[in-house]
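# Tertiary structure, described
Below, each chain spelled out in residue letters.
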Amino acid sequence: DFPILSEQVHGHPLVYLDNSATTQVPSQVLDAVANHYRTSNANVHRGMHYLAHASTDALEHAREVVARFVNAPSVDCVVFTRGTTDGLNMVARGLSHLLQPGDAVVVSRLEHHSNYVPWQQACFSCGARFEVADLTPEGDIDEEDYARLLSAGNVKIVAMTGCSNVLGTVTPVARLARMAHEAGALFVLDGAQIMRHGVVGMQSLGVDYLAFSGHKMMAGTGIGALAGTREALEELEPRDFGGEMVDKVTAARTTWEELPLRLEAGTPNYVGAIALGAACDYLSALGREDIAAYEASLVDHAEAALGEVEGLHIAGSPKERAGLVSFTIDDVHPLDLCTLVDARGVALRSGHNCAQPVLEWLGATSVARLSPAFYNTPAEIDYAVEQISRAAKMLHTARRRG
Ligand code: PLP
């Protein structure tokens, strides 16, 4: 289903293990996109001609599919966005009217910059406190510290990830959300990583907002969604103004459309939305629980194989890890390592992975990350680990020789 996986890179078969950054796109999704442009393309929610209806119907069908996929309270509780970062910024900006000096927003030290900086900036501009829940030595959210921050009072918003893109920590979302609600705060879930690794039922988790990205779940780039409870989405002040998000416009006053259009100013990325719907259908047909179980076995396999490499340190040992293993190797820079394994066809990620607070917690400025998806195999992981080991030896030898 994934044509790109047959590519050769640098003369070697591609072993793509950078799925936490972006997943590949199956033919079914590529076909849905090409088919829309071939047969149904027109702007949505505007025209009255045949194609305008066909295009609008396809977009709204995609919204229904996505709403079912995340168990949103209703179809109009799904807003299409450019991705997780866009959705989180939309919420941070849209809720800033709730923040007064003395109020607080709580995040965790696990957060990607996308779920950290928007809240920090909102707090700076509103005079609110920006609080960061610490981690246990294993890399789980320290729930005592979280409870302590909540008990300080005036916490209006909690924003946390479902899965860390550095440690792979799966967070206890339902409990964290319940604790936030008991403290009177709204709970925002960064679903970027968890969407592919768990069956994320918005309503059963009890979150107020869920932001996620299509390109991390086989849909391709430029699209994502923000799902929320009706009440929570209605609380958002529109961040963007323009076409289709308005009801009545006069020089004196403008009124807004109903949800979700109120939060989708301008021509939406409707083909992206159709791709996201097709990706949700694809994942559902494969079986989300089966995918999660198989990917968990790949992560266990990677953890065990990497553990055999001399001088290699796996980042964190959370209670539950999903999707990835990050690591460092003594006297090896992750960038050098990833460059050398790339020459053998293996795609890994290196760097701070847009999560400097957790890198600081690790005492590192950079890590290497191996992140499999359901189209990877244990044999590919073994090959990658063999190449990692070989590259580390080469780098150690080079270092010894000066
Ligand atoms: N949150 C987490 C946990 C992520 O891993 C990422 C991307 O890596 C993001 C947010 C941001 O996603 P995007 O770049 O698609 O907006």
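In every chain, residue numbers begin from 1 and rise along the written sequence. Totals for whole chains, interfaces and linings use all residues, but because this is a predicted model, local features are given only for residues with pLDDT of at least 70 and pairs of side-chain atoms are given and counted only at 80 or more. Hydrogen atoms and water are omitted, and side-chain values are computed over all heavy atoms in the structure.

### Concerning the overall build of the chain
Along the backbone of the chain there are 14 helices and 17 strands. The globule rule used for comparison is 2.2 Å times the number of residues to the exponent 0.38, while the radius of gyration itself is calculated over C-alpha atoms. Here the C-alpha radius of gyration of the chain, 22 Å, is about what a compact globule of 402 residues would show, namely 21 Å. Residue burial is assigned from relative accessible area. The probe radius is 1.4 Å, only protein chains are included, and a residue is buried under 20% of its type maximum, exposed over 50%, and partly exposed in between. For the chain, the residues scored as buried account for 54% of the 402 residues in total. Carbon and sulfur atoms form 50% of the exposed surface of the chain, whose accessible area is close to 16800 Å². For the purpose of counting charges, residues Lys and Arg are taken to be positive, whereas Asp and Glu are taken to be negative. His and the chain ends are not included. Charge coordinates come from a single atom per side chain, which is NZ of Lys, CZ of Arg, CG of Asp or CD of Glu. Side chains of the chain carry 30 positive and 49 negative charges; the gap between the two charge centres is 4 Å. The numbering of helices and of strands both runs from the N terminus, where a helix is a DSSP run of H or I of at least 4 residues and a strand a run of E of at least 2. For the area figures, the Shrake-Rupley method with a 1.4 Å probe applies, and any residue is considered shielded solely by the protein chains shown.

### What to know about the site of the ligand
We define proximity as follows: a residue is near a molecule or strand when any one of its heavy atoms falls within 4 Å of that partner. Thr85, Asp190, Ser213, His215 and Lys216 are the nearest of the 13 residues found near the ligand. Pairs of N or O atoms within 3.5 Å make up the polar contacts considered here, provided that, within protein, one atom can donate a hydrogen while the other can accept it, and that residues adjacent in sequence are counted only when both atoms are side-chain atoms. Here an oxygen atom of the ligand sits 3.5 Å away from a polar atom, N or O, in the main chain of threonine 84. In the model, an oxygen atom of the ligand is placed 3.5 Å from a nitrogen or oxygen of the histidine 112 side chain. Contact with the protein chains covers 85% of the free accessible surface of the ligand, which is 390 Å². Classification convention: Asp, Glu, Lys, Arg as charged; Ala, Val, Leu, Ile, Met, Phe, Trp, Tyr, Cys, Pro as nonpolar; all other residues, Gly among them, as polar. Counted by class, the shell around the ligand contains two nonpolar, nine polar and two charged residues.

### Some remarks on the pattern of salt bridges
Just to be clear on terms, a salt bridge is a Lys or Arg side-chain nitrogen sitting within 4 Å of an Asp or Glu carboxyl oxygen. In this structure the tally under the stated criterion is 15 salt bridges. For lysine 156, the salt bridge goes to aspartate 103, with nearest N and O atoms at 3.0 Å. Of this pair, lysine 156 sits in strand 7 (residues 155-161) while aspartate 103 sits in the loop between helix 3 (84-94) and strand 5 (104-108), placing them 53 residues apart in sequence. In this structure, glutamate 295 engages arginine 196 in a salt bridge whose closest nitrogen and oxygen atoms are separated by 3.0 Å. Here glutamate 295, found in helix 11 (residues 288-307), pairs with arginine 196, found in helix 7 (residues 194-197); they are 99 residues apart in sequence, far enough to count as distant. The pair glutamate 295 / arginine 196 is uniform in exposure class, with both members buried. The network of salt bridges with shared partners includes Arg82, Asp86, Arg239 and Asp240.

### With respect to the environment of glycine 94
Within the secondary structure, glycine 94 sits in helix 3. Look at glycine 94 and you get buried, because its relative accessible area is 0%. Separated by 142 residues in the primary sequence, glycine 94 and leucine 236 place their C-alpha atoms 4.4 Å from one another. Contact criterion: two residues are considered in contact whenever any of their non-hydrogen atoms come within 4.5 Å of each other. When sequence neighbours within four positions are dropped, the list of residues in contact with glycine 94 reads Asn89, Glu235, Leu236 and Glu237.

### Details of the sheet that holds strand 5
Strands pair, by our definition, only if DSSP identifies at least two bridges between them. The strand order 4-10-9-8-7-5-6 describes an open sheet built from seven strands, whose pairing is mixed. Edge positions in the open sheet fall to strand 4 (78-81) and strand 6 (129-133), since each of these has one partner strand only. In this sheet, adjacent strand axes meet at a mean angle of 20° when their direction is disregarded. With four bridges joining them, strand 4 and strand 10 (residues 224-228) adopt antiparallel strand pairing. When the bridges of strand 10 are listed, valine 78 appears paired with alanine 227. Between N-to-C directions, angles cover 0 to 180 degrees, with each direction set by a line fitted to C-alpha atoms, over the stretch in contact for helices. With respect to the sheet, helix 4 (residues 117-126) is in contact with strand 5, strand 6, strand 7 and strand 8 (186-190), its orientation differing from that of strand 6 by roughly 150°. Contacting strand 7 and strand 8, helix 6 (residues 173-182) runs over the sheet at an angle of about 155° to strand 8.

### Regarding the nonpolar core
Nonpolar core, defined: a set of buried Ala, Val, Leu, Ile, Met, Phe, Trp, Tyr and Cys residues in which side-chain atoms within 4.5 Å join the residues together. Membership of the largest hydrophobic core comes to 74 residues, with the highest contact counts inside it found for Tyr146, Val158 and Phe187. No other element matches helix 10 (residues 270-286), which puts ten residues into this core. When near neighbours in sequence (up to four residues on either side) are disregarded, tyrosine 146 contacts Val106, Ala133, Val158, Met160, Leu176, Met179, Ala180 and Phe187. If you look at the next biggest cluster of nonpolar residues, it comprises 29 residues, including Leu88, Val91, Leu95 and Leu233.

### What to know about the packing of aromatic side chains
Working definition: rings of Phe, Tyr and Trp (its six-membered ring) pair if their centres are within 6.5 Å, and the pair is stacked with planes under 30 degrees apart, edge-to-face with planes over 60 apart, and tilted otherwise. Overall, the coordinates contain seven aromatic pairs when judged by the stated rule. Judged by centre distance (5.9 Å) and plane angle (85°), the ring pair of phenylalanine 2 and tyrosine 282 falls under edge-to-face. Note that phenylalanine 2 is positioned in the segment before strand 1 (8-9) and tyrosine 282 in helix 10, a separation of 280 residues in sequence. In this structure, phenylalanine 2 and tyrosine 282 share a single accessibility class: buried. Following the ring pairs from residue to residue traces out a cluster consisting of Phe2, Tyr282, Phe374 and Tyr375. Over the aromatic face of phenylalanine 69 sits the side chain of arginine 288, whose NZ or CZ is 3.4 Å from the ring centroid. By the criterion adopted, a ring carries a charge over it if an Arg CZ or a Lys NZ lies within 6 Å of its centre and within 35 degrees of its normal.

Interpretation note: all reported values are geometric properties and have no functional meaning in isolation.
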